[in-house]
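# Structural overview
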Amino acid sequence: MFRTFVWMQTPATMVSAVHRCYFTTGQGRRTGHYNVQRARPGEKPPYQRCNSQDSLDELALDDYWKEVEIIQHTGDAEQQEEVQLKVADEGEQEEAWLTEAGLATLFDESAADGEDSMVLLSTLTRTQAAAVERRVETLKQTLRKRNKPYSVPDVRDIFKPSPALDTKQDSESTSTEGSEHRKTEATSSGEHSGVGNGAEPGGGGAETETDINLEVSFSEQALSYRDGSKVTQPINEADDKLPDFKVVRDKTGMTKVGDLSAADMKKVRRLVLIEMTALFDTAGLDLKTHKPLKIRVKESGLFGVPLSTVLEQDQRRVPGTRVPLIMQRLISHIEEEGLHTEGLLRVPGASTRVKTVCHELELKFYDGLFLWETLKQHDAASLLKLFIRELPHPLLTVEYFSAFISVLKFPTKKQQLQALNLLVLLLPESSRDTLKALLEFLQRVIDHKEQNKMTLNNVAVVMAPNIFMFKGFRSKITEQQEFAMATGMANIVRLFIRYQNLLWTIPKFVMNQVRKQNTENQRKMNRDRAVKKLLKKMAYDREKNIEKVEKSSEAEGGIIRVQAPQFTKVSMAVQLTEELQASDILTRFLSQDSSVSVKREDLCLFEIGGNIKERCLDEETYMKALLELNPAAEWVIKSVQR
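Below is a summary of the structure that appears in this document. Values in this document were obtained by computation on a predicted structure and should not be read as measured data.

Further remarks concern the side chain of Thr397. Summarising the element assignment, Thr397 is placed in the loop between helix H12 (377-389) and helix H13 (398-406). A polar atom in the side chain of Thr397 sits 3.3 Å from the backbone nitrogen of Tyr400. When residues no more than four places from it in sequence are discounted, the contact partners of Thr397 are Leu427, Pro428 and Ser431.

In structure tokens form, the structure reads like this:
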């Protein structure tokens, strides 16, 4: 097993060309061989293109190696210190994990959020609880070996009753609420589905690998694979013909990143970390995270500057900026020149010219003095790749970089997508938003593949080294390992682009757990307030009872009241029906208030209160089903920044 470190050649060494070519026999079987050639110093590696190019495994990755060579030839826009990685000492990783999961009280009684920790633990599934137990037990054993005093509780005391429950019971507990409202619809990657091949071949009576169930914990679903249930193994899909996955869609609506309040997203992140760890544990995959040692980085500028620093600069000029302005402007310029240009992203700009333009942008971009009309399209594409590649810390983060690389070790493409989904949700907001903008742009390039000749595979192969190769991940590996890593990285980028709409979805089982935590926290809060402010509360309740009676009579009559405090029409009564959706309410509101100047796509109906802090509703949410899930919620129409 080789280390999952991304390798970058030193300038003195040329990249080796490793190609795998297949030949079809008369019986339709494929045989293959490696054609490994190492270039002599100072020579370009020999590039050969195989005739068969219908999947990444069959690609002669010459475009990949050419891109690597271009990167090396171009060099760095700025000399910067390499990222040095630190693997946590024994016990440190478990402490860091428990802290990040909001469970620090399990080893440190002085840690805050003790009550929240207990509430969080009460919502976990069997596999999630097992992941926590494993880390607690490892930490306990480590401290015992060091003869250090510790207050780590016995794992049997953490979960009462014991989580040794039937898998079916736990699975049901994550999806009890709203499960009767499910419906299945094809979502794959939104409009960009490509040509689907349905279920993965060889299914027969096996589980359909193209069904994505968001209501049951992914790690609970993975038990069926681990326990030997029959599964359909994927084959190498042809270019742009990956499966069209279908999501089991719930009537209470899909929840995307950005739809929730910061408080609920904090809960989501903790739950997702536990779930992601449980998924890796269940599949028998080792999950090691790395910590970057502190390095000196540029404190201002555009290229080679930390993403957070670039965004701080941008937000001072344009409040609310979520994607770096330089990246947005480069993408806009490329699109203005036309996405039909053959070889877009693959054909490099002139290296000397790119360096010159890079320097000019550093000096003139924020002052608005850069002459964009002089920038050639291929140079702009090279600058976009340079921006991503030169981030001091990778877009996918040092902490979870090896986890992203390990995704392809999962046995089925469905599990790979589930793991990617969880990892995307774990990314910092700045990385997640920037990655999303990049992937959306790459999909638009692919949409013009008939003219620009840049298919899904072509784009993935060219972009992989720019996303995955960064300073600090250098390791000497064999040609075969080098080839395997190149193919793997390109495959991950391919999955990112193809299924990007799915990857930014918060699974329903996580949302159910958040709702349960909020409900329990509200109960505790109400009990505390009742003791401290009993008399005041009694007077308040008498007043509220009148409102509750009015609200109750409306609800019993199948009516909800929608508030719109930002607009002229501040309130609207809506009669519920089985088929009424959030989009219908927005349409009705706009038809009744002609003074609204906000665009339709910038309006959202929010679910506020009850068992959720705040949630922007998917327009296909069925309102009656959601009211049953959260009867105490209020409904408010607000403008949002997309």
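Turning our attention to the pattern of salt bridges. Across all of its chains, the model carries 16 salt bridges by this definition. Two residues, Asp379 and Arg353, come together in a salt bridge whose shortest N-O distance is 2.5 Å. On the criterion of sequence distance, the pair formed by Asp379 in helix H12 and Arg353 in helix H11 (residues 351-364) is long-range, its members being 26 residues apart. Taking the relative accessible area as the measure of exposure, Arg353 reaches 36% and is therefore partly exposed. Between Glu607 and Arg615 there is a salt bridge, with the nearest N and O atoms lying 3.1 Å from each other. Arg615 sits in the buried class, given a relative accessible area of 2%. Salt bridges here are not isolated pairs; linked through shared partners, they connect Arg134, Arg135 and Asp281.

Our next topic: the pairing of strand E14 (residues 634-639). By the bridge criterion, two bridges tie strand E10 (residues 559-563) to E14 in an arrangement that is parallel. In the strand pairing of E14, Val562 is matched with Trp635. The pairing of strand E12 (residues 603-609) with E14 spans six bridges and is antiparallel. Within E14, the residue paired with Phe606 across the bridge is Val636.

Geometrically, a pair of aromatic rings is defined through the distance of the ring centres and the angle of the planes. Tallying each qualifying case throughout the model produces 10 aromatic pairs. Seen in terms of ring centroids, Phe370 and Trp372 are 4.9 Å apart; in terms of plane orientation they differ by 75°. Their pairing is edge-to-face. Look at Phe370 and you get buried, because its relative accessible area is 7%. We classify Trp372 as buried; its relative accessible area is 12%. When the ring centre of Phe606 is taken as reference, the NZ or CZ atom of Lys638 above it lies at 4.5 Å.

For the rest of this paragraph, the subject is the pairing of E12. Here E12 lies mainly inside the structure; five of its seven residues are buried. Between E12 and strand E13 (residues 612-616), which pair antiparallel one after the other, the connecting turn spans two residues, and Gly610 there sits at a positive phi close to 75°.

Taking 1.5 Å per residue, 13 residues should reach 18 Å; H12 reaches 18 Å between its end C-alpha atoms and fits that length. Taken across its 13 residues, H12 has 12 buried, putting it largely inside the fold. Buried within H12 are the following residues: Gln377, Asp379, Ala380, Ala381, Ser382, Leu383, Leu384, Lys385, Leu386, Phe387, Ile388 and Arg389.

A word on unusual backbone geometry. A positive phi is found at Leu345, a non-glycine position, where the angle reads about 80°. Its place among the elements puts Leu345 in the loop between helix H10 (325-337) and H11.

So, about the packing of H10 against helix H15 (residues 429-446). Two elements in contact, H10 and H15, have axes separated by 11 Å at closest approach and are oriented at 5°. Judged on the interaxial angle alone, H15 and H10 are roughly parallel. Along the contact surface, H10 presents Met327, Ile331, Ile334 and Glu335, while H15 presents Thr434, Ala437, Leu438, Phe441 and Arg444. Its residues assigned to classes, the contact of H10 with H15 shows six nonpolar, one polar and two charged.

Analysis parameters
Residues numbered from 1 in each chain as written. Predicted model: local features only at pLDDT ≥ 70, side-chain atom pairs only at ≥ 80, totals over all residues. Heavy atoms only, no water. Helix = DSSP H or I, 4+ residues; strand = E, 2+ residues; numbered from the N terminus. Polar contact = N/O pair within 3.5 Å; in protein donor to acceptor, adjacent residues only side chain to side chain. Contact = heavy atoms within 4.5 Å. Salt bridge = Lys/Arg side-chain N within 4 Å of Asp/Glu carboxyl O. Buried < 20%, exposed > 50% of the residue type's maximum accessible area, 1.4 Å probe, protein only. Pairing = 2+ DSSP bridges. Phe/Tyr/Trp six-rings, centres within 6.5 Å; stacked < 30°, edge-to-face > 60°. Lys NZ or Arg CZ within 6 Å of the ring centre and 35° of its normal. Expected span 1.5 Å × (residues − 1). Axes fitted to C-alpha atoms, helices over the stretch in contact; angles between N-to-C directions. Parallel < 35°, antiparallel > 145°, perpendicular 65-115°, else oblique. Nonpolar A, V, L, I, M, F, W, Y, C, P; charged D, E, K, R; others polar.

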